[in-house]
Amino acid sequence: MKALPALLLALCVWAGAAPAAELQISTGEYAPWCGERLPAQGFVSRVVREAFAREGVQVRFRFMPWARALEALRNGDVQASSFWFDDPVKAKEFLYSAPLSEHREMLFHRKDLAMPRWQKLRDLSSLRFGATRGYTYTPEFRQLEKQGALSVEEANDDKTNLLKLLAGRIDIFPLDEFTGWQLLASDAFPPGARDLVTTENRPFSAHYGHLLMQRSPRNAQWMAKFNAGLAKLRADGTLDRFKLDLYRGSGQ
C-alpha cells in the first residue's frame, strides 16, 4: 500500500511534464507573408510561431481559403486566425493582437490602361475593380461598392485577379505591394507578365497585420502571451532579422 502514493506522485510528475496542446491557427495563402509551401510557412507564420514559442506555446497552422479561415475561427474549429488587417467591424467581434506586420496596398493595373486623373476613389467609377473574397478592404472602398459607385468583381484568390487583370477582364486591383510583384514574377505567370503591369504612385491603403482570437477570458490570456512573446522579438532584434530575411528573399 505504501507504493501507491509514490505511484501517484510519479503520475503527477509525468502529467506535468506532458507537452501542452497545440494552438490551431487558421490562415491562407498570401506570399511572402504566409503560405503552406513557403520557407517557415511565410514571414507572418514565422513571427507568430516564434512569438508563441517564447512563451512556451506550440502552434500549428491550418491553411484554407481566407473566408473559410475566418469562419473556422467563428465556429471554434481553431483557436486563432492569422493574419488580418485593421477592421473596425472585426474588432467588435474578435480580439486583435499587437501589430505583427506592415503592409502597403497599391492599385495594380496594366500599363496600357488610360488611367483617369483622380483624387478620390469615386473618381475611378468608370473602372472595373477586382477584389479577393474574404479580404479586408478600406471602409470607403466597401461603402462605394455598396452604393454602386464602384464596380467590383470578386475572385477566390490574388492569382485569379491578376490573370483577369492581364486579360482585360478587370481594370484595376488593390493588392499588397510586395505580394503583387512577387506573384507576377513567379512561375504562376508567363515570362514578361510583370512588365505589362504597373501601380499607381498613390497607395490605396496602409495596414498592419494582426492575429485574431474569439473574445473570451481564456483567449485574452492566450493573446497576452502572444503579445508578450512578440514584444520580446522586437526587443532582442529577432523581428528585424526576420524582416531582413524577408527582404533578401530567403524567408528562413
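Residues numbered from 1 in each chain as written. Predicted model: local features only at pLDDT ≥ 70, side-chain atom pairs only at ≥ 80, totals over all residues. Heavy atoms only, no water.

In the nomenclature of an unreviewed UniProt entry, the chain is known as Transporter substrate-binding domain-containing protein of Chromobacterium paludis.

Peer 1: Give me the lowdown on the overall build of the chain, citing residues and values where you can.
Peer 2: Secondary structure assignment for the chain yields nine helices and ten strands. Expressed along its principal axes, the backbone C-alpha trace of the chain runs to roughly 90 × 40 × 30 Å. Within the span of the chain, comprising 252 residues, buried residues form 44% of the whole. Put simply, of all contacts in the chain between residues at least 6 apart along the chain, 72% involve residues at least 24 apart. For the chain, the exposed surface amounts to about 13300 Å²; the carbon and sulfur share of it is 54%. Counting 34 positive and 29 negative side-chain charges, the chain places the centres of these two groups 4 Å from one another. (Helix = DSSP H or I, 4+ residues; strand = E, 2+ residues; numbered from the N terminus. Buried < 20%, exposed > 50% of the residue type's maximum accessible area, 1.4 Å probe, protein only. Contact = heavy atoms within 4.5 Å. Areas by Shrake-Rupley, 256 points an atom, 1.4 Å probe, with all protein chains shown as cover. Lys, Arg positive; Asp, Glu negative; His and termini not counted. Charge placed at Lys NZ, Arg CZ, Asp CG, Glu CD.)

Peer 1: I'd like a rundown of helix H6 (residues 158–167), residues and numbers included.
Peer 2: Here H6 has its buried residues at Asp158, Asn161, Leu162, Lys164, Leu165 and Leu166. A side-chain oxygen of the first residue of H6 lies 3.4 Å from the backbone nitrogen of Lys159; this N-cap is Asp157. Backbone geometry just after H6 places Gly168 at a positive phi near 80°. (Polar contact = N/O pair within 3.5 Å; in protein donor to acceptor, adjacent residues only side chain to side chain.)

Peer 1: Can you lay out the packing of helix H2 (residues 43–53) against helix H8 (residues 217–235) for me, pointing to particular residues and giving the numbers?
Peer 2: Two numbers describe how H2 lies on H8: the axes approach to 7 Å, and their chain directions differ by 105°. Comparing the axis directions of H2 and H8 gives the class roughly perpendicular. Residue-level contacts link Val47, Val48, Glu50, Ala51 and Phe52 of H2 to Trp222, Phe226, Gly229, Leu230 and Leu233 of H8. Taken together, the residues that form the contact of H2 with H8 break down as eight nonpolar, one polar and one charged. (Axes fitted to C-alpha atoms, helices over the stretch in contact; angles between N-to-C directions. Parallel < 35°, antiparallel > 145°, perpendicular 65-115°, else oblique. Nonpolar A, V, L, I, M, F, W, Y, C, P; charged D, E, K, R; others polar.)

Peer 1: Pulling in residues and values, what's your account of the UniProt feature "domain: Solute-binding protein family 3/N-terminal" (unreviewed entry) in the chain?
Peer 2: Here, the residues flagged by UniProt with the feature "domain: Solute-binding protein family 3/N-terminal" (unreviewed entry) are residues 22–245. The distance from the first to the last C-alpha atom of residues 22–245 is 26 Å, and the span holds 36% helix and 25% strand. (UniProt positions renumbered as here; feature names shortened; annotations may be inferred.)

Peer 1: Account for the pairing of strand S2 (residues 59–63), with residues named and values stated.
Peer 2: By the alternation rule, side chains of S2 split into Val59, Phe61 and Phe63, which are all buried, and Arg60 and Arg62, of which none is buried. Two elements, strand S1 (residues 23–27) and S2, share five bridges in a ladder whose sense is parallel. Counterpart to Ser26 in the pairing with S2 is Arg62. A crossover connection joins S1 to the parallel S2 through H2; in handedness this β-α-β unit is right-handed. (Pairing = 2+ DSSP bridges. Right-handed = clockwise from strand over helix to strand, strands pointing away.)

Peer 1: Now, about the domain arrangement of the chain: what can you tell me, with residues and values included?
Peer 2: Often, the extent of an interface is quoted as the loss of accessible area upon association of its parts. Taken domain by domain, the chain holds domain 1 (22–102 + 207–248) and domain 2 (105–206). Here domain 1 and domain 2 have C-alpha centroids that lie 26 Å from each other. In total, domain 1 and domain 2 occlude about 1200 Å² of area from one another, counting both sides; carbon and sulfur atoms represent 59% of this. For the side of domain 1 that touches domain 2, the secondary-structure elements that each account for two or more residues are helix H3 (66–75), strand S3 (80–85) and helix H9 (238–248). The residue makeup of the side of domain 1 that touches domain 2, split by class, is ten nonpolar, one polar and four charged. (Domains from an automatic or database assignment. Buried area = accessible area lost by both parts, 1.4 Å probe.)

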